[in-house]
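# Reading the structure
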Amino acid sequence: MKVFISYGSSADQVTALRLQALGAVNGLTVYVPPAHTRQAVGTLLDPEAAQKLNDAEVVLGVVGEGLTEACRQELNTSMTLRKNMIVMSYPMFAPQLQPYFGSNLVVIDPQNPGAAEIGIVGHLKTLDAQQSTKKALLALGTLALGLLILSTADRS
Amino acid sequence: MRRRNCTIDSSCVIALDPLNLVPQLSLPFSIVLVPKAVREDLFKRRATKDRLQALFADFAFFQRCDGYEQGTVDFLLAERVREGTQDRVKLKQSFKLRNLVRQ
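Every chain is numbered independently, its residues counted from 1 as its sequence is written. The lettering of chains begins at A and the numbering of ligands begins at 1, in the order of writing. Given that this is a predicted model, residues contribute local features only at a pLDDT of at least 70 and side-chain atom pairs are listed and counted only at 80 or more, while totals for whole chains, interfaces and linings are drawn from all residues.

### A few points about the overall build of chain B
Helix numbers and strand numbers start at the N terminus; a helix is a DSSP run of H or I with at least 4 residues, a strand a run of E with at least 2. Each helix and strand counted, chain B has four helices and three strands in total. Along chain B, from the amino end to the carboxyl end, the secondary structure elements read β-α-β-α-α-β-α. Within chain B, buried positions represent 15% of all 103 residues. Taking contacts inside chain B between residues at least 6 apart in sequence as the whole, the part at least 24 apart equals 81%. Our exposure labels follow a C-beta count within 10 Å of each residue's own C-beta, placed from the backbone: buried means 20 or more other C-beta atoms, exposed means 12 or fewer, and partly exposed covers the counts in between. This entry defines residue contacts through backbone-placed C-beta atoms, with two residues in contact when those atoms are within 7 Å.

### Examining the overall build of chain A
Secondary structure summary: chain A contains seven helices and five strands in total. Reading chain A from its N terminus to its C terminus gives the helix and strand order β-α-β-α-α-β-α-β-α-β-α-α. Using C-alpha atoms as the atom set, the radius of gyration is obtained and then compared with a globule rule of 2.2 Å times the number of residues to the power 0.38. The C-alpha atoms of chain A give 14 Å as radius of gyration, which agrees with the globular expectation for 156 residues (15 Å, within 12%). Viewed in the frame of its principal axes, chain A has a C-alpha envelope of about 40 × 35 × 35 Å. Taking all 156 residues of chain A together, the buried fraction comes to 42%. The contacts of chain A with a sequence gap of at least 6 include a subset with a gap of at least 24, amounting to 68%.

### Observations regarding the nonpolar core
Residues and elements named next belong to chain A. By our criterion, buried Ala, Val, Leu, Ile, Met, Phe, Trp, Tyr and Cys residues that link up through C-beta atoms within 7 Å make up a nonpolar core. With 53 residues, the main nonpolar core has Val3, Ile5, Leu60, Val62, Val87, Met88 and Ala144 as its most contacted residues. No other element matches helix α7 (residues 131-155), which puts seven residues into this core. Residue contacts for Leu60: discarding those within four places in its chain leaves Val3, Ile5, Met85, Ile86, Leu140, Gly141 and Ala144.

### Considering the interface of chain A and chain B
Opposite the 14 residues of chain A that make contact, chain B presents 13 residues. For the side of chain A that touches chain B, the elements supplying multiple residues, two or more each, are α1 (13-24) and α7 of chain A. Looking at which element gives the most residues to the side of chain A that touches chain B, the answer is α1 of chain A, with six residues. Of the residues that constitute the side of chain A that touches chain B, the class distribution is seven nonpolar, five polar and two charged. Each residue gets one label: Ala, Val, Leu, Ile, Met, Phe, Trp, Tyr, Cys and Pro are nonpolar, Asp, Glu, Lys and Arg are charged, and the others, such as Gly, are polar.

### Side note on the sheet that holds strand β1 (residues 5-7) of chain B
All names here are of chain B. We treat two strands as partners when DSSP finds at least two bridges between them. Here we have three strands laid out as an open sheet, ordered β1-β2-β3, and parallel in their pairing. Taken across any chain shown, the strands that pair with only one partner, and hence form the sheet edges, are β1 and β3 (62-65). Strand after strand, the sheet turns through a mean of 30° between neighbouring axes, direction not considered. Sheet topology places strand β2 (residues 31-35) next to β3; four bridges connect them, and they run parallel. For Val32, the partnering residue across the bridge sits in β3 and is Phe62. Note on geometry: axes are lines fitted to C-alpha atoms, helical ones only across the stretch in contact, with angles between N-to-C directions running from 0 to 180 degrees.

Laid out in structure tokens, this is it:
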């Protein structure tokens, strides 16, 4: 299964790469866009990223440290392409993301991670997708939740 | 997960890059620092220079390291400096011995 991970800013790329490595050992083909796509100020989607996004069956958004235009575009494109997706975000970015991603958005409260897990499961119930797709989203979403919470705990 | 930083040397970059294992360094480490001397070493050849520049562009956790705390560097290298001095003394002694044997 092909998975596309869109991350908020360069600082979030390490979480995306960790998810890529964990996904790869479980048979997933995970694409993480290069870091330079988060430094460019252009408004066009990177051609390679656009191609990978088109090929992906599942899209996971990881917004922990920041939100760049490239990430916003990738997530908007996946919405347009009607991809099965979950966007994991910290509460500070929720107001910017909520109007566009609605039920696809799962807000992480480090004090109450159970709510995010319930949010992931609740969203998967509403998806009309294959069981394997739901499993991949559940696994990646849970792993992303864990990695983001641990990175916050580590910083504090 | 504890936030761990590390420094990398030329041989590790040369060994890991062709195997596409550089992204996997993000699992144990949050930041991989590439010291100036390592960059200069890899910049000597066009192929390794291009690869290193591509790694900097592709991976945000792969970062240039230009600042050093001189006190820490002196402390960490103290042993090597001492051993280096001893080696030089031994080298001089062996040269003297060789010259004596020739005479």
